[in-house]
Structures are given as structure tokens and as C-alpha cells.
Amino acid sequence: MRPDCTHLITGGLGAVGLEAARHLARLGARRLVLVGRSGLPPRSSWPTVTDHSPRSAIDVVTELERLGVTVRALSLHITDARAARVLTDPEALGMPPIRGIVHAAGTFQGQLVPLPQPRSMSVLSGSRCSANRVRSTALASDGSTSQTELCSASLVADR
Ligand SMILES: NC(=O)c1ccc[n+]([C@@H]2O[C@H](COP(=O)([O-])OP(=O)(O)OC[C@H]3O[C@@H](n4cnc5c(N)ncnc54)[C@H](OP(=O)(O)O)[C@@H]3O)[C@@H](O)[C@H]2O)c1
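About the thresholds
- Residues numbered from 1 in each chain as written.
- Predicted model: local features only at pLDDT ≥ 70, side-chain atom pairs only at ≥ 80, totals over all residues.
- Heavy atoms only, no water.
- Helix = DSSP H or I, 4+ residues; strand = E, 2+ residues; numbered from the N terminus.
- Expected span 1.5 Å × (residues − 1).
- Buried < 20%, exposed > 50% of the residue type's maximum accessible area, 1.4 Å probe, protein only.
- Arc of directions from axis to C-beta.
- Contact = heavy atoms within 4.5 Å.
- Salt bridge = Lys/Arg side-chain N within 4 Å of Asp/Glu carboxyl O.
- Axes fitted to C-alpha atoms, helices over the stretch in contact; angles between N-to-C directions.
- Parallel < 35°, antiparallel > 145°, perpendicular 65-115°, else oblique.
- Nonpolar A, V, L, I, M, F, W, Y, C, P; charged D, E, K, R; others polar.
- Pairing = 2+ DSSP bridges.
- Right-handed = clockwise from strand over helix to strand, strands pointing away.
- Core = buried A, V, L, I, M, F, W, Y, C linked by side-chain atoms within 4.5 Å.

What sets the pattern is the α-helix's 3.6 residues per turn: residues three or four places apart point alike. The terminal C-alpha atoms of helix 1 (residues 15-26), which comprises twelve residues, lie 17 Å apart, in line with the 16 Å expected from a rise of 1.5 Å per residue. Buried within helix 1 we find Gly17, Leu18, Ala20, Ala21, Leu24 and Ala25. For helix 1, the angular spread of the buried residues around the axis is 160 degrees, confining them to a single face. Among the exposed residues of helix 1, those pointing more than 90 degrees away from its buried face are Ala15, Val16 and Arg26. Buried residues belonging to helix 1 abut strand 1 (6-10), strand 2 (31-36), helix 2 (52-66) and strand 4 (98-103). Positive phi shows up at glycine 28, right after helix 1, with a value of about 115 degrees.

Now for the pattern of salt bridges. All told, the structure shown has five salt bridges when counted by the stated rule. Between arginine 2 and aspartate 4 there is a salt bridge, and its shortest N-O distance comes to 3.2 Å. For aspartate 4, a relative accessible area of 46% translates into the label partly exposed. Of the charged contacts in the structure, one is a salt bridge between arginine 55 and aspartate 59, with a shortest N-O distance of 2.9 Å. In this pair, arginine 55 and aspartate 59 both sit in helix 2, four residues apart, roughly one turn of the helix. Take arginine 55: its relative accessible area is 22%, and that puts it in the partly exposed class. Judged by relative accessible area, aspartate 59 falls into the partly exposed class, the value being 40%.

Structurally, histidine 7 can be placed in strand 1. We classify histidine 7 as buried; its relative accessible area is 8%. Apart from residues lying up to four places away in sequence, histidine 7 is in contact with Met1, Arg2, Leu24, Ala29, Arg31, Leu32, Val33 and Gly100.

The description of two packed helices rests on the angle between their axes and on the distance between the axes. One can describe the packing of helix 1 onto helix 2 by two numbers: an axis separation of 10 Å at closest approach and a directional angle of 5 degrees. Considering the angle they form, helix 1 stands roughly parallel to helix 2. Residues Leu18, Ala21, Arg22 and Ala25 of helix 1 lie in contact with helix 2, whose contacting residues are Ser56, Ala57, Val60, Glu63 and Leu64. Its residues placed into classes, the contact of helix 1 with helix 2 shows six nonpolar, one polar and two charged.

To continue, consider the pairing of strand 2. Counting buried residues in strand 2 gives five out of six residues, a clear majority hidden from the surface. Relative to strand 2, strand 1 runs parallel, the two being bridged by four bridges. Paired with threonine 10 across the strands is valine 35, a residue of strand 2. Read as a crossover between parallel neighbours, the route from strand 1 over helix 1 to strand 2 is right-handed. The parallel pair strand 2 and strand 3 (residues 70-75) is bridged by helix 2, and the resulting crossover is right-handed.

What follows concerns the nonpolar core. Counting residues in each nonpolar core, the largest one holds 19 residues, and the members touching the most others are Ile9, Ala21, Leu32, Leu34, Leu64, Val69 and Val71. Among the elements of the structure, helix 1, strand 2 and helix 2 are those that each provide at least two residues to this core. For valine 71, the residues in contact, after removing those within four places along its chain, are Leu32, Leu34, Val61, Leu64 and Glu65. Among the nonpolar cores identified, the runner-up in size contains ten residues, and Leu8, Val33, Ala84 and Leu93 belong to it.

Encoded structure:
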């Protein structure tokens, strides 16, 4: 990992994203942008946050900062192209240019792939950035939701 550039983790405040953040830091990354829809509560409230999800994120961000990693937690919907423009503007971001991306933003809805409800597919496709990619990977699935999501993640990463 180049310590002089920034790495972006979409879904960086979720379970997979936080593990990815730790992993990148272990590999030498020193500037991380963690993107989620909710973001983090104000820093002044961190000591008293007890809800599981923000607490986990706060604990990992604090741990990374202690290791010397600069962490910026952003609240934005990754499919909102206008809002996501901040990610391509180092000045607005206040960080060096992003040179690596881990795409871990996603939602989980357990159901069989051959019978998706239109609404859940649209949520899935939004978080995976492209409905076409999700549809094509669904065709390659053996029927397991998680396998379809992993396929779609791999497909996005491969392009
Ligand atoms: N955990 C596992 O063992 C596992 C295994 C296989 C596959 N996966 C898949 O990997 C993905 C992440 O899993 P996870 O366990 O880390 O889930 P998670 O804990 O719910 O985290 C998902 C993160 O993605 C963010 N997110 C979702 N949609 C977004 C969007 N459109 N724009 C920006 N941020 C968005 C969420 O933000 P908010 O919370 O603010 O909405 C959350 O921070 C899911 O698709 C899941 O199905 C997970």
C-alpha cells in the first residue's frame, strides 16, 4: 500500500469495510476514506455511543488513528454521482488523490435469486453500482443469494 495516497472503502463503516480498513492499514495504508450512508455521529458524542454498529465503527476508527492512520468517514450514497464527486476532488476531500478502492457497500436481503422482488433487486443494483452487472451475475448463480452478491462484487472489481 502506498502511504502517500488515499484508499477509499465504500461501505467502510460496515462489518466487511471495517475489516478491510484494518487490513489496508496493516499493509501500510495511511489515509483512508470510509463511506457509508449514515456516516458517524459527531466526535464529541463518541464516548457515549452504545449502538452496536456505530460503536464498532468508532472503535475501529479510533484504533486506526492511534496507529497513525488518517481516517475520514463520509456520509454519502455511493450511487449519487453528484455527491460522490467529492471523492475525485482531493482539495474537497482534504486528502491526497484516491489510488485504491475496496467496494464493500452492500445490503443483504436473504431470498432465493430466481425469485427476486423488483424492489429488492433495485436496492441491490443500486449498491452494486450497475443493475446490468447484478442481473448478469444473477444468471450465473446456483441460487444462493450470497454467491450472487460475491459474484457481483468480483465482477465490479474485475472491470
Ligand atoms: N459480512 C459477511 O460475512 C459477508 C459475507 C459475504 C458477503 N457480504 C456482503 O458484503 C456486503 C457488506 O457486508 P457487511 O456485512 O459489511 O454489511 P454491513 O455491515 O451492513 O455494511 C454495509 C455498509 O455499506 C454501506 N452502504 C450500503 N449501501 C450503500 C450505498 N449505496 N452508499 C454508501 N454506503 C452504502 C452501509 O451504510 P449504512 O449502514 O449507513 O446504510 C454499511 O456501512 C453486503 O453486500 C453483504 O451481503 C458480507
